[in-house]
Amino acid sequence: MNNVFDKMLARYEIRTNDDYHNALHEVMQQIALAGLYRGGFFNKAAFYGGTCLRIFYGMERFSEDLDFSLLHKDERFRLEDYFDAITAEFKSLGREVVISKKEKKRVTNVESAFLKDNTAIYNLQFRTEQQTKIKIELDIHPPAGFTTEHKLLMWPYSFMVRCYTLPNLYAGKMHALLFRNWKNRVKGRDWYDFEWFVRNNVALDFSHFCERFYQFGSIPHGELTKETFTQMLMDKIETTSMAMVKSDIGPFVRNKTELDIW
């Protein structure tokens with residue numbers, strides 16, 4: 001087995017279709033990050049979200065999307081300028097991919113949580129296996145007050161990725177948990193991540209959470225308190241179906257028994 005792509009895939013224990021799906025997605029994610037690194041993307045942007053938690057901070061569940069944020073607001077920034085670097089990285093490993101822009105339906109900021117009007121969305125997929133797809137999101141107008149650190153990834157080669165720090169990742173996750181609106185669905189992955197942060201004793205960056213909250217105009221700036229936040233979280237816990245949470249998270253964890261207590 002000389003092909004680097006195959007070696008990357010062979011690092012995963014694959015027993016089920018879900019295992020294969022998750023492993024293939026994660027290999028694609030790592031290659032895309034490598035291409036972005038070569039293109040200089042992380043001089044201007046940072047990686048955050050569930051996939052960042054999975055790849056760089058050791059969270060057990062798999063994740064599907066790649067979420068990025070500019071370090072500073074830049075309405076003229078174009079992710080398309082880095083597409084050649086991404087496709088070249090895949091081509092060097094013998095795989096052809098296509099990247100296409102996804103047209104968003106008109107939704108309000110609060111309903112969409114992260115899908116603001118100035119968040120660009122793209123799909124990355126294999127040219128011959130188009131059912132294998134990764135969504136890429138880039139926030140070109142990020143909320144203020146976050147910090148970053150550089151983390152090492154060693155596949156498909158050794159390189160550094162600028163990532164949100166754990167307290168800021170926690171803030172982003174709590175914002176998603178409280179305000180993500182999937183209509184009749186629940187994103188159980190948000191709840192799994194919430195438990196992970198608590199179990200690992202991560203401190204929540206409350207000021208950054210507030211900046212995310214205020215950016216959507218839910219209440220006037222400066223009026224969110226820790227007591228209000230706690231009550232919002234308690235209300236969310238009381239009204240969320242744990243059966244729906246478990247149904248959503250199931251395909252992304254190997255050990256299903258860890259969800260029994262939920």
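For the structure, see preceding data.
Fair warning: this is a prediction, and the values are worked out from it, not measured in the lab.

Draft legend 1. Helix α10 (residues 242-249), seen in detail. The complete set of buried residues in α10 reads Val245, Asp248 and Ile249. For α10, the angular spread of buried residues about the axis comes to 90 degrees, placing them on one side. Away from the buried face of α10 by more than 90 degrees, exposed residues Ala243 and Ser247 are located. Considering only its buried residues, α10 is in contact with α7 (188-199).

Draft legend 2. Representation of unusual backbone geometry. The step from Trp155 to Pro156 runs through a cis peptide bond, and the omega angle for that step is 5 degrees. Of note, Pro156 is situated in the loop between β6 (148-153) and β7 (159-164). The backbone of Asn201 sits at a positive phi, close to 55 degrees, despite the residue not being glycine. Tracing the backbone shows Asn201 in the loop between α7 and α8 (206-215).

Draft legend 3. Molecular detail of a nonpolar patch on the surface. Judged by side-chain polarity, Tyr37, Leu152, Met154 and Met160 come together as a nonpolar surface patch covering roughly 380 Å² of accessible area. Locating Tyr37 in the fold gives a position in helix α2 (residues 17-38).

Draft legend 4. Expanded view of the pattern of salt bridges. Applying the stated criterion across every chain, the model contains 15 salt bridges. A salt bridge links Lys173 to Asp190; the nearest nitrogen and oxygen atoms lie 3.0 Å apart. You can see Lys173 sitting in helix α6 (residues 166-179) and its partner Asp190 sitting in helix α7, a full 17 residues away along the chain. Asp190 shares its class with Lys173; the two are buried. Between Glu195 and Arg199 there is a salt bridge, and its shortest N-O distance comes to 3.3 Å. Of this pair, Glu195 and Arg199 both sit in helix α7, separated by four residues, roughly a single helical turn.

Scoring rules and cut-offs
- Residues numbered from 1 in each chain as written.
- Predicted model: local features only at pLDDT ≥ 70, side-chain atom pairs only at ≥ 80, totals over all residues.
- Heavy atoms only, no water.
- Buried < 20%, exposed > 50% of the residue type's maximum accessible area, 1.4 Å probe, protein only.
- Helix = DSSP H or I, 4+ residues; strand = E, 2+ residues; numbered from the N terminus.
- Arc of directions from axis to C-beta.
- Contact = heavy atoms within 4.5 Å.
- Patch = residues over 30% accessible without salt bridge, like charges linked within 9 Å, V, L, I, M, F, W, Y side chains within 5 Å.
- Areas by Shrake-Rupley, 256 points an atom, 1.4 Å probe, with all protein chains shown as cover.
- Salt bridge = Lys/Arg side-chain N within 4 Å of Asp/Glu carboxyl O.

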